[in-house]
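Residue strings, one per chain:
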Amino acid sequence: MQKKTKSGSEISTESANWSANDFFPDIESVPEKFRQKGGVSITETLVNGQLKPWPGPFAEVRSPICLRATGTEEPQPLVIGRTPLMDGHAALEALDSAVEAYGQGRGTWPSLSVAQRIEHVEQFLVEMRSHREAVVELLMWEIGKTYADACKEFDRTADYIQDTIHELKVLDRRSSRFETVGGVVAQTRRLPVGVALCMGPYNYPLNETFTTLIPALIMGNTVVFKPAKYGVLLIGPLLEAFQKAFPAGVINIIFGRGRDTIGPLMKSGKVDMFAFIGTHSGASALKQMHPKPHRLKAVLGLDANNPAIVLADADLDLAVSECVAGALSFNGQRCTALKLLLVHESLADEFVARVSKAVDNLVAGMPWQPNVSLTPLPEPGKIDYLKALVSDAEALGARVTNTGGGQANGTYFHPAVLYPVTTKMRAYQEEQFGPVIPVVTFSDESEVIRHVRESEFGQQLSIFGSDPAAIGGLIDVLANQVGRINLNSQCQRGPDTLPFNGRKNSAEGTLSVSDALRVFSIRTTIAAKSSESNRDLVTSIVRERHSRTLTTDYLF
Ligand code: G3H
């Protein structure tokens, strides 16, 4: 069935690829391979190299996937495990162990050669790879990631570790040289910062967390790691791998509520490096707790509200497929997701009709289903929040243009394409971080430029169009507002060798395979006036191997 929009374009109202009834399956219909066999609990903590049974309280972990037990009508959220609810005291014990292992830079770990640290990380990678299936399965059950995306997340993380090792060897080779400049002979090496606190997000609980954790470790820092709010259980299978691969105190893992555990760590003043992916307000609050904020080095991945700008001459098929993928991959729960579509008025109706149809064609269901792309959401309260965004937009004149958009069943929210969205609506102003696609029209490029300039966020944007002069001009006007401009492509972080950063409230620092090694280290120079006696001194130190730091050794 088709219905007409204001301008006469047709919008599909054919039944969507999902049904609010019967959305959640019976226990029996979960494929044997993916069945939760009694849940997975984390009952130990990793502190000072020891896996210790946690004696305190536990938090129950519920899956966003609801199941209908045999003979019952209502699907119920499945309890899939429990995790230690550590308190401030236990978190501080973990921090003290990291502080001791760092030993003000004289500990065993920061004193190891680059080659030795690489060996430990390689050992961890071998162990980690042996847990692929368990981690993938937990990504599906705990955050509702599809099997395909969960596999991608795992493999991308393993590749990231491999690439990090390669990049460190390159860095080490470069740093082994001496330079003579202005009458000074010098060697500059990258040395660790100190004790790092690494916290990851729930949407990429393995990948994003490990893109800070692994560089922090390999550069010689010691670490306290707190897994994301959801996506915690997958750390369970890796606990032993961490314990086996790293010396005592080098990696300490804490579980529990952020407000109970992270505050005391920050207030202690013993954290030197803060790696955090979350909201800018959360990051600010935590940084301010540090008694010497100027000593806290930070790398932050924060809020983003990435827009797509669809110009009048855009290739519509391409723009629609990239925008739908950009807005709805992992149900829109990516910091890089396209959160607002700004479309030229001349093609807006047609664009909306095609986007709606494309959304109707997406398969909704359980993460293990083949070809599924829309799945239940893990955050409690999220469904109500998304419903409120839709109601607010509707009350102010927008319509839901796709079939069943905005309908929900338990933890599942069917994507809503909202059109036309205006500046007054919450869907325009707020980062939805979920399956709501607000479409805004513009008649003049200046409106788009104003939107980007006035935005509080500056991670990335996408431009869809074909006129080189127009796009070149827009690039120049917008390049100082964001960290990456994507042409005729959705926003994304990868490939991981490219810089990932942002301006304004969206980030602090730059991550990429090579940048992360720089972020977690400080360049330290050994320099001497280039007199004969100094040159002799340096030569003797190097030849007779009197120093681990001042050396010309390097890795192939
Ligand atoms: O949530 C933010 C992630 O870093 C996004 O990564 O763009 O490659 O999906 P991605």
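Note that the structure is predicted; figures quoted are calculated from it, not measured.

The rules we used
- Every chain begins its residue count from 1, and numbering advances along the sequence as written.
- Where local features are concerned, this predicted model is filtered to residues with pLDDT of at least 70; where side-chain atom pairs are given and counted, the filter is 80 or more; whole-chain, interface and lining totals use all residues.
- Each side-chain value is derived from all of the structure's non-hydrogen atoms; neither hydrogens nor water enter the calculation.
- The axes used here are C-alpha line fits, helices contributing only the stretch in contact, and every angle between their N-to-C directions lies in the interval 0 to 180 degrees.
- A run of H or I in DSSP becomes a helix once it reaches four residues, and a run of E becomes a strand once it reaches two; helices and strands are each numbered from the N terminus.
- Any two residues whose heavy atoms approach within 4.5 Å at even a single point are treated as in contact.
- Three classes are used: nonpolar for Ala, Val, Leu, Ile, Met, Phe, Trp, Tyr, Cys and Pro, charged for Asp, Glu, Lys and Arg, and polar for all others, with Gly counted as polar.
- The rule is simple: take the accessible area with a 1.4 Å probe, protein chains only, and divide by the maximum for that residue type; under 20% is buried, over 50% is exposed, in between is partly exposed.
- When DSSP finds two or more bridges between a pair of strands, those strands are recorded as paired.
- Think of it like this: strands point away, you trace from the first strand over the helix to the second, and a clockwise trace means the crossover is right-handed.
- Between Lys or Arg on one side and Asp or Glu on the other, a salt bridge is scored when a side-chain nitrogen of the former is within 4 Å of a carboxyl oxygen of the latter.
- These domain boundaries are the output of an automatic or database domain assignment.
- Defined in terms of a 1.4 Å probe, buried area is the accessible area two parts forfeit on being brought together, summed over both.
- The near set for a molecule or strand comprises every residue that places at least one heavy atom within 4 Å of it.
- Any pair of N or O atoms that falls within 3.5 Å is considered a polar contact. Within protein, one atom must be able to donate a hydrogen and the other to accept it, and sequence-neighbouring residues count only if both atoms are side-chain atoms.
- Accessible surface area values rest on a Shrake-Rupley calculation with a 1.4 Å probe, where residue burial reflects the displayed protein chains alone.
- Any pair of Phe, Tyr and Trp rings, taking the six-membered ring for Trp, is counted once the centres come within 6.5 Å. Such a pair is stacked with planes under 30 degrees apart, edge-to-face with planes over 60 apart, and tilted for the rest.

Q: For this particular structure, what's the right way to read the packing of helix 3 (residues 114-129) against helix 6 (residues 207-218)?
A: What describes two packed helices is the angle between their axes and the distance between those same axes. Contact geometry for helix 3 and helix 6: axes closest at 9 Å, N-to-C directions at 145°. On helix 6, the residues touching Arg117, Ile118, Val121, Phe124 and Met128 of helix 3 are Phe210, Ile214, Leu217 and Ile218. Looking at side-chain class alone, the contact of helix 3 with helix 6 contains eight nonpolar, no polar and one charged residues.

Q: Looking at this structure, I do not really get the pairing of strand 25 (residues 484-487). What am I missing?
A: The two faces of the sheet receive side chains in turn, since in a regular strand these alternate between them. Alternating positions in strand 25 separate cleanly, Arg484 and Asn486 being buried on one face and Ile485 and Leu487 remaining unburied on the opposite face. Sheet topology note: the strand 24 (residues 460-464)/strand 25 ladder contains four bridges and is parallel. Within strand 25, the residue paired with Ile463 across the bridge is Leu487. Handedness of the β-α-β unit built from strand 24, helix 15 (residues 468-478) and strand 25 comes out right-handed.

Q: I tried to follow the pattern of salt bridges on my own but got confused; where do I start?
A: In a structure, side chains of opposite charge can pair up when their charged atoms sit close to one another. Taken as a whole and judged by the stated rule, the model has 24 salt bridges. Across the pair Glu133 and Arg132 runs a salt bridge, and its minimum N-O distance is 3.2 Å. Given a relative accessible area of 24%, Arg132 falls into the partly exposed group. The partner of Arg545 in a salt bridge is Asp553, with the nearest N and O atoms 2.4 Å apart. The class for Asp553 is partly exposed, based on a relative accessible area of 38%. One connected set of salt bridges, linked through shared partners, spans Lys33, Arg132, Glu133 and Asp155.

Q: How should the domain arrangement of the protein chain be read in this particular structure?
A: Often the size quoted for an interface is simply the accessible area lost on bringing the parts together. What the domain assignment reports for the protein chain is domain 1 (2-21 + 304-495) and domain 2 (82-301). Inter-centroid distance (C-alpha atoms) of domain 1 to domain 2 is 34 Å. Facing the 17 residues of domain 1 at the interface are 17 residues of domain 2. Where domain 1 abuts domain 2, roughly 1400 Å² becomes buried across the two surfaces, and 61% of that area is made up of carbon and sulfur atoms. Of all residues in domain 1, the largest losses of buried area upon contact with domain 2 belong to Phe330, Pro367 and Arg493, amounting jointly to 42% of the total for that side. With a closest N to O distance of 3.2 Å, Arg493 and Glu208 form a salt bridge. Here the residues of the side of domain 1 that touches domain 2 are counted per class, giving ten nonpolar, four polar and three charged.

Q: What is the right way to look at the site of the ligand in this model?
A: The ligand sits among Arg156, Asn203, Tyr204, Glu208, Arg334, Cys335, Thr336, Gln492, Arg493, Gly494 and Phe500. The separation between an oxygen atom of the ligand and a polar side-chain atom of Arg156 is 2.9 Å. Here Thr336 contributes a side-chain N or O atom positioned 2.6 Å from an oxygen atom of the ligand. Relative to its free-state accessible area of 310 Å², the ligand is covered by the protein chains to the extent of 94%. Split into classes, the residues belonging to the shell around the ligand amount to three nonpolar, four polar and four charged.

Q: Would you mind showing me how to read the sheet that holds strand 15 (residues 340-344) here?
A: As a general point, the strands of a sheet are linked pairwise by backbone hydrogen bonds and lie either parallel or antiparallel. With respect to topology, seven strands assemble into an open sheet ordered 18-21-22-15-14-24-25, the strand pairing being mixed. Both outer strands of the open sheet, strand 18 (399-400) and strand 25, are each paired with one neighbouring strand and no more. Bridging between strand 15 and strand 22 (residues 436-442) involves four bridges; their strand directions are parallel. Bridge pairing in strand 22 links Val343 to Thr441. On the sheet, helix 14 (residues 445-454) packs against strand 14 (307-310), strand 15, strand 22 and strand 24 and is oriented at approximately 135° with respect to strand 22.

Q: Whenever I open this one, the side chain of Gln481 confuses me. Can you help?
A: Looking at the element boundaries, Gln481 is found in the loop between helix 15 and strand 25. Engagement of the side chain of Gln481 in a polar contact is seen with the side chain of Lys504, the distance being 3.1 Å.

Q: When you look at the packing of aromatic side chains in this model, what are you seeing that I'm missing?
A: Enumeration according to the criterion identifies 14 aromatic pairs in this entry. On the numbers, 5.0 Å between centres and 80° between planes, the contact of Phe23 with Phe24 is edge-to-face. Among the residues examined, Phe23 registers a relative accessible area of 8% and is labelled buried. Following the ring pairs from residue to residue traces out a cluster consisting of Trp109, Phe124, Phe210, Phe242 and Phe246.

Q: Can you help me understand the sheet that holds strand 8 (residues 184-192) in this one?
A: Pairing within the open sheet is antiparallel, and its three strands lie in the order 7-8-28. Of all the strands in the sheet, the pair left with one neighbour each is strand 7 (179-181) and strand 28 (521-529). Looking at each pair of strands side by side, their axes are set apart by 35° on average, direction ignored. Across nine bridges, the pairing between strand 8 and strand 28 is antiparallel. Following the sheet pairing, Pro192 is matched in strand 28 by Ser521.

Q: Mind showing me how you'd approach the environment of Thr549 here?
A: With respect to the helices and strands, Thr549 occurs in the segment after helix 17 (532-543). Assessed through its relative accessible area of 31%, Thr549 is described here as partly exposed.

Q: Just to check I follow, could you spell out the side chain of Thr403 for this structure?
A: Inspection of the secondary structure assignment puts Thr403 in the loop between strand 18 and strand 19 (408-409). The exposure class of Thr403 is buried, given its relative accessible area of 16%. Reaching out from Thr403, the side chain makes a polar contact with the side chain of Asp360 at a distance of 3.1 Å.

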